[in-house]
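What follows is each chain in one-letter form.
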Amino acid sequence: MLTDSQITQFEVFGFLLLKGMLTSREIERAWTDFDIGLEAAQEGMDRSGIRGQLNWSNLRPETPFLASLLEDQRFFGAAQQVLGEDSVGCYANSNSFDGDRTEWHPDTVHPDWRGIKFAFYLQPLKRNSGALRFIPGSHKEPLLSDIKKISLKESNDGTVDTAGLNVDEVPAFAAESEPGDVVLFDNHTWHGSYGGGKNRRMCSLGYFASPKTRWQDAAVKSMVESETQLASKFPHLARHPHWLSNHGGHPVRARWIASLRKFGFV
């Protein structure tokens, strides 16, 4: 569970590095699940863009450990502290990166969306070998929008501005990590990476706050409607219905599934 100090740091900076959250045995299990998912992804996906990224869902029986983390109290409990008791778990994904950088971007552009991501790498990463970089405070206005005034060399729509700043030229904090460390960040926080090697292995978990206002309700629905936002992760669920069937009768998952159906994610 997060301490009061950690929650304050997250609220102020928009991210939090959680050291040693996973054990070495759990990282071994994550490697096993990752290999299974990667083999399947390589058969049906192509790496593209500067990220050279493959992305797939772990919410299927072939990758039980990584799927289970979405309901693990270490992650879900922290999500509840940040987003509220009725927050919703919405994805458990893996990503393999071959590119040497990830362009600067937030994970959402909708001001009323409230969501977070947990991310952890299976290899040790330093500042210039692919560790996630964050711009502190960029999850809030005015910095959230002001960054768009800066000319950046790469963008997440695939365009390149040769006169713009390179990824490593933007002032930022590099969340250097060892296997077992986890980064928690707000979906609005600007982040990127630089200098990464081939098959950089990242696992991620996503949660969003249950809407309390009509504006938040509209924000969640807009994520479903946008192909470039969170909804792009959910076609995997249709192909792997095991998690949705909830054979174990998990009450928390049942509530999540009801919310995902209500808002059209499933």
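In the block above lies the structure referred to throughout.
All of the points below concern the structure found in this document. Remember, predicted model here, so these are calculated numbers, not experimental data.

### Notes on the side chain of Ser210
Thinking step 1. In this fold, Ser210 is placed in the loop between strand S10 (200–208) and helix H6 (214–225).
Thinking step 2. A relative accessible area of 12% means that Ser210 is categorised as buried.
Thinking step 3. A distance of 2.5 Å separates a polar side-chain atom of Ser210 from the backbone oxygen of Asp86.
Thinking step 4. Once you skip the residues sitting within four places of it in the chain, Ser210 turns out to touch Asp86, Ser87, Val88 and Gln216.

### Let's talk about the state of the cysteines
Thinking step 1. Counted by the stated rule, this structure contains zero disulfides.
Thinking step 2. Cys90 takes part in no disulfide bond, and the closest cysteine sulfur, belonging to Cys203, lies 16 Å away.
Thinking step 3. A residue is classified by how much of its surface remains accessible, and Cys90, at 2% relative accessible area, is buried.
Thinking step 4. Residue classification places Cys203 among the buried residues on the basis of a relative accessible area of 1%.

### Quick notes on the sheet that holds strand S6 (residues 133–134)
Thinking step 1. Ordered in space as S4-S9-S6-S7, the four strands form an open sheet in which the pairing is antiparallel. Strand pairing shows two members of the sheet lacking a second neighbour, strand S4 (101–105) and strand S7 (173–174), which therefore form its edges.
Thinking step 2. Of the pairings in the sheet, the one linking S6 to strand S9 (residues 191–194) comprises two bridges and is antiparallel in character. What sits directly across from Arg133, in S9, is Gly192.

### Details of the pairing of S10
Thinking step 1. Summarising burial for S10: nine of the nine residues are buried, a large majority.
Thinking step 2. Here S10 shows a buried face lined by Arg200, Met202, Ser204, Gly206 and Phe208 and a second buried face lined by Arg201, Cys203, Leu205 and Tyr207.
Thinking step 3. Two elements, strand S3 (residues 88–97) and S10, share nine bridges in a ladder whose sense is antiparallel. Across the sheet, the residue bridging to Ser96 is Arg201, located in S10.
Thinking step 4. Pairing geometry for strand S5 (residues 115–121) and S10, over seven bridges, is antiparallel. Counterpart to Ile116 in the pairing with S10 is Tyr207.

### A word on helix H2 (residues 24–44)
Thinking step 1. With 21 residues, H2 ought to run about 30 Å at 1.5 Å a step, and its terminal C-alpha atoms sit 31 Å apart, in line with that.
Thinking step 2. Regarding H2, the residues found buried are Glu26, Ile27, Ala30, Asp33, Phe34, Gly37, Leu38 and Ala41. Buried residues in H2, looked at end-on, bunch into an arc of 150°, giving them a common side. Opposite its buried face, H2 presents the exposed residues Arg25, Glu39 and Glu43, each directed more than 90 degrees away.
Thinking step 3. Buried positions along H2 lie against strand S2 (53–57), helix H3 (64–68), helix H4 (73–83), S3, S5 and S10.

Calculation rules
- Residues numbered from 1 in each chain as written.
- Predicted model: local features only at pLDDT ≥ 70, side-chain atom pairs only at ≥ 80, totals over all residues.
- Heavy atoms only, no water.
- Helix = DSSP H or I, 4+ residues; strand = E, 2+ residues; numbered from the N terminus.
- Buried < 20%, exposed > 50% of the residue type's maximum accessible area, 1.4 Å probe, protein only.
- Polar contact = N/O pair within 3.5 Å; in protein donor to acceptor, adjacent residues only side chain to side chain.
- Contact = heavy atoms within 4.5 Å.
- Disulfide = S-S within 2.5 Å.
- Pairing = 2+ DSSP bridges.
- Expected span 1.5 Å × (residues − 1).
- Arc of directions from axis to C-beta.

As far as function goes, none of this settles anything; it's purely spatial.
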